[in-house]
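Observations on the model geometry
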Amino acid sequence: AQTVTQSQPEMSVQEAETVTLSCTYDTSENNYYLFWYKQPPSRQMILVIRQEAYKQQNATENRFSVNFQKAAKSFSLKISDSQLGDTAMYFCAFMKQSGGSNYKLTFGKGTLLTVNP
Amino acid sequence: NAGVTQTPKFRVLKTGQSMTLLCAQDMNHEYMYWYRQDPGMGLRLIHYSVGEGTTAKGEVPDGYNVSRLKKQNFLLGLESAAPSQTSVYFCASSSLASNEQFFGPGTRLTVL
């Protein structure tokens, strides 16, 4: 079974600064996907960024980027130029790639990020 | 295009009562999922479906049943609610072509 660990229950950052959220995972699989989801106070789950394990290049989406270290089983999220709207719970998630069918996310416990003005 | 919708948004039950949560998606997705979210626990998979008429157990299936009689709907049932089932329930869906799951707005259920 896969496990996902987010070691920072809470973090805070000043507006316009950069913050990095940590995530480690444990798996014996070689092919898989990793995700960061954002859950603002509205409770809606929003996909922030995803990474395919077979890709060496780190994924980037505007102000959001990841540092994917496959050997270390580490998948951190960097948020640049933090904005007040980035205040949310952030979840790291793992998905095994199984025989061409992709499903079943395993989530970490989340990191509550607060962006201060 | 409403995406994924969930009914109801809030519900309070007494121990032993039954209820059904409805999830509907209008994206023609093959896969659908039910998760529960508890404080400090992240989201955990209850049951999922890979197509109409098929369901399978997830990580925490006990006390729940599901049905997928139509491709666009996925129902989650609690036959005899217990306080331990107090949680926020999320439905999600995804297509064969993509691994992105689209989530509904959630249902907050309280069992007294």
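What this report covers is the structure whose coordinates are included nearby. (Residues numbered from 1 in each chain as written. Chains lettered and ligands numbered in written order. Predicted model: local features only at pLDDT ≥ 70, side-chain atom pairs only at ≥ 80, totals over all residues. Heavy atoms only, no water.)

Now for the overall build of chain B. The number of helices and strands found in chain B is 0 helices and 11 strands. Secondary structure elements of chain B occur, N-terminal to C-terminal, as β-β-β-β-β-β-β-β-β-β-β. Taking 2.2 N^0.38 as the reference for a compact globule, 112 residues should give roughly 13 Å; the C-alpha atoms of chain B span a radius of gyration of 13 Å, in line with that estimate. Along the longest, intermediate and shortest principal axes, the C-alpha atoms of chain B span 40 × 25 × 25 Å. Counting every position in chain B, which comprises 112 residues, the buried fraction comes to 50%. Only carbon and sulfur atoms are counted for the fraction: they give 54% of the accessible area of chain B, which is about 5,100 Å². (Helix = DSSP H or I, 4+ residues; strand = E, 2+ residues; numbered from the N terminus. Rg over C-alpha atoms; globule rule 2.2 N^0.38 Å. Buried < 20%, exposed > 50% of the residue type's maximum accessible area, 1.4 Å probe, protein only. Areas by Shrake-Rupley, 256 points an atom, 1.4 Å probe, with all protein chains shown as cover.)

The next thing to look at is the overall build of chain A. A count of helices and strands for chain A gives 0 helices and 12 strands. Across chain A, helices and strands are ordered from the amino to the carboxyl terminus as β-β-β-β-β-β-β-β-β-β-β-β. Relative to the 2.2 N^0.38 estimate, which gives 13 Å for 117 residues, the radius of gyration of chain A is 14 Å and therefore close to what a compact globule would have. If you line up chain A on its principal axes, its C-alpha atoms span 45 × 25 × 20 Å. Counting over 117 residues, chain A shows a buried share of 47%. The long-range fraction of contacts in chain A, counting pairs at least 24 apart against all pairs at least 6 apart in sequence, stands at 56%. Surface exposure of chain A reaches about 5,700 Å², of which carbon and sulfur atoms provide 43%. Within chain A, one finds 11 positive and 9 negative side-chain charges whose respective centroids are separated by 10 Å. (Contact = heavy atoms within 4.5 Å. Lys, Arg positive; Asp, Glu negative; His and termini not counted. Charge placed at Lys NZ, Arg CZ, Asp CG, Glu CD.)

With that out of the way, let us pick up the environment of A:Tyr103. Within the fold, A:Tyr103 resides in strand S11 (residues 101–107). Judged by its relative accessible area of 18%, A:Tyr103 is buried. Beyond its immediate stretch of four places on either side in the chain, A:Tyr103 contacts A:Met95, A:Lys96, B:Tyr31, B:Tyr33, B:Tyr48, B:Val50 and B:Gln101.

So, on to the interface of chain A and chain B. Listed as interface residues are 19 residues of chain A and, on the opposing side, 26 residues of chain B. Seen at the junction of chain A and chain B, the total is 1 salt bridge. The partner of A:Arg50 in a salt bridge is B:Glu100, and the shortest N-O contact between them spans 3.3 Å. For the pair chain A and chain B, the number of links is 7 residue pairs in polar contact (both at pLDDT 80 or more). (Salt bridge = Lys/Arg side-chain N within 4 Å of Asp/Glu carboxyl O. Polar contact = N/O pair within 3.5 Å; in protein donor to acceptor, adjacent residues only side chain to side chain.)

Bringing the nonpolar core into the picture now. Residue and element names in this part refer to chain A. The biggest cluster of nonpolar side chains holds 25 residues, and the ones touching the most others in it are Tyr25, Trp36, Phe75, Leu77 and Tyr90. Secondary structure elements with two or more residues in this core: strand S3 (19–21), strand S5 (32–39), strand S6 (46–52), strand S8 (64–69), strand S9 (74–79), strand S10 (88–98) and strand S12 (111–116). The biggest single contributor to this core is S10, with 4 residues. Discounting residues that sit within four places of it in the chain, Leu77 has contacts with Val19, Thr20, Leu21, Trp36, Ile49, Phe64, Ser65, Val66 and Tyr90. (Core = buried A, V, L, I, M, F, W, Y, C linked by side-chain atoms within 4.5 Å.)

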